[in-house]
Protein chains: 2
Amino acid sequence: MHGHQTISSGELAAQGGTTSAQVRKDLSFFGSFGKRGLGYSVSALSSSLREILGLGRQWNVVIVGAGKIGAALAQYEGFRDRGFKVVGVYDEDPARVGGTLDGVVVRDQRELESDIMKLKPHIALIAVPAEAAQTLVDRVVKAGVRAILNFAPTPLTVPEKVTLRSVNMALELEILSYALVNAGE
Amino acid sequence: MHGHQTISSGELAAQGGTTSAQVRKDLSFFGSFGKRGLGYSVSALSSSLREILGLGRQWNVVIVGAGKIGAALAQYEGFRDRGFKVVGVYDEDPARVGGTLDGVVVRDQRELESDIMKLKPHIALIAVPAEAAQTLVDRVVKAGVRAILNFAPTPLTVPEKVTLRSVNMALELEILSYALVNAGE
DNA sequence: GCGGGCTTGTGAATGATTTCACAAGGTAAC
DNA sequence: GTTACCTTGTGAAATCATTCACAAGCCCGC
Ligand SMILES: NC(=O)c1ccc[n+]([C@@H]2O[C@H](COP(=O)([O-])OP(=O)(O)OC[C@H]3O[C@@H](n4cnc5c(N)ncnc54)[C@H](O)[C@@H]3O)[C@@H](O)[C@H]2O)c1
Ligand SMILES: NC(=O)c1ccc[n+]([C@@H]2O[C@H](COP(=O)([O-])OP(=O)(O)OC[C@H]3O[C@@H](n4cnc5c(N)ncnc54)[C@H](O)[C@@H]3O)[C@@H](O)[C@H]2O)c1
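Residues numbered from 1 in each chain as written. Chains lettered and ligands numbered in written order. Predicted model: local features only at pLDDT ≥ 70, side-chain atom pairs only at ≥ 80, totals over all residues. Heavy atoms only, no water.

1. Some thoughts on the site of ligand 2
Taken together, 22 residues form the shell around ligand 2, and within it Y76 of chain A together with I69, D91, R96 and V128 of chain B come nearest. Among the chains of the assembly, those with residues near ligand 2 are chains A and B. The backbone of A72 of chain A places a nitrogen or oxygen atom 3.2 Å from an oxygen atom of ligand 2. Here an oxygen atom of ligand 2 sits 2.7 Å away from a polar atom, N or O, in the main chain of V128 of chain B. Notes on ligand 2: free accessible area 820 Å², of which the protein chains cover 88%. Contributions of two or more residues to the shell around ligand 2 are made by α4 (68–74) of chain A together with α4 (68–74) and α7 (130–142) of chain B. Taken together, the residues of the shell around ligand 2 break down into 14 nonpolar, three polar and five charged. (Near = heavy atom within 4 Å. Polar contact = N/O pair within 3.5 Å; in protein donor to acceptor, adjacent residues only side chain to side chain. Areas by Shrake-Rupley, 256 points an atom, 1.4 Å probe, with all protein chains shown as cover. Helix = DSSP H or I, 4+ residues; strand = E, 2+ residues; numbered from the N terminus. Nonpolar A, V, L, I, M, F, W, Y, C, P; charged D, E, K, R; others polar.)

2. Focus: the sheet that holds strand β3 (residues 39–41) of chain A
Residue and element names in this part refer to chain A. Ordered by their spatial adjacency, three strands build an open sheet running β1-β3-β2, and the pairing between neighbours is antiparallel. At either end of the open sheet lies a strand with only one pairing partner, and these are β1 (6–7) and β2 (34–35). In this structure, β1 lies alongside β3, joined through two bridges in antiparallel fashion. Across the sheet, the residue bridging to I7 is Y40, located in β3. Seen against the sheet, helix α3 (residues 42–53) touches β1 and β3 and runs at an angle of roughly 70 degrees to β3. (Pairing = 2+ DSSP bridges. Contact = heavy atoms within 4.5 Å. Axes fitted to C-alpha atoms, helices over the stretch in contact; angles between N-to-C directions.)

3. Quick notes on the domain arrangement of chain A
Structurally, chain A comprises domain 1 (6–52) and domain 2 (59–170). Of note, the centres of domain 1 of chain A and domain 2 of chain A, computed from C-alpha atoms alone, are 34 Å apart. (Domains from an automatic or database assignment.)

See the structure below:
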């Protein structure tokens, strides 16, 4: 941020909107990265965290559903920049299959299982309507995917060995709605 | 779900992936909605919660940034279905200004302040590049918006009276990355 | 090499959240 | 009406998370 070589827990806390003690406790979970009296070396901390988070390497991603949000995700530079590479996009709509999104061709969802066996993607993004989401999750899990990020606004279940996270934007708006109704109390 | 008239805390918990005690404690924060021995009336609970969350009414939303994610959000039916209406979309790119997204015309970001004063939207969605996000947040706050949902992967600050929530998809992927690296330990 | 000034790493204290457990109250069958 | 059975609502206990506070360690100037 300032081009400093080193940064203190207090400065990190200010940037992240938390407290210095919190930053130190969190980092101490992984080990001791700081130097007393000085703080943390920005470059050493950054590379240690990248290592710990598994960001040194490339992760391959498939996107299921090439609609509005699926297309936006497929073309999102923020993923590529961070080492997440879209290796496949799938849809059931013949009008979308065969189209191209940021260099990746949209393929028929019937190819999903065989492609996953072949490409061995690490992560699947689920961007289909809520009604179809569980079915697609079951299919990618069966084909071997162990990490899923879901955008459909519906609860999903996965086996224990699979990590599932969900982004629920409508819920976010409902939380804002509640905050607005209860503002100034 | 089953067409039941009534539902127990245990069934709600199973659906939401939590525990029955948790459901009852959470609901008790707002009042007593259940009948002992029977559970909760689905319709009464649903309308009470809609009331409490402020979902009876329509909330007007402006979207700042008509790029890939902004366009997807502008056309997202899930928002309209839940009473969130997109009343304006803004961009700085002349190639996008004047275009139409789901019936809403994209307007020049220079009109942002005057439009907000006029339309009085309740919520702003920020879908511009990270570098521009804080500036746009400051502008919509100054113009009177009290609730913001941010999609740019950057920390933002707002005055205390304003509610800010952020959706950080790259962070979600990093969490999955960490889970994959530490799988089976 | 020594002392002053900073900042880490971490136990202990405090605060928040979740889980437990059960009395109170309701249903329904007979 | 009585009994057998459920489920809520909620204090108390247990767990989890944050904040406090400070000894230990490191840098730097002298
Ligand atoms: N658009 C948004 O901004 C947005 C935001 C948050 C969440 N979501 C959620 O993301 C999901 C997709 O939303 P969208 O707006 O992109 O809708 P969309 O209708 O534009 O896209 C859905 C796509 O999924 C495809 N599809 C349907 N069934 C399929 C199947 N079995 N296999 C493969 N593909 C299938 C459809 O052909 C379509 O292309 C929905 O669950 C929605 O609630 C969307
Ligand atoms: N595409 C995705 O799936 C995705 C997912 C998560 C987060 N995001 C984030 O959302 C933001 C937008 O991403 P995108 O992929 O839509 O990028 P994009 O480049 O497609 O869109 C950004 C838009 O913002 C406009 N813009 C730039 N400065 C502006 C200003 N001062 N006023 C008004 N408009 C302005 C640009 O003209 C462009 O149309 C980024 O911060 C990105 O990190 C995108």
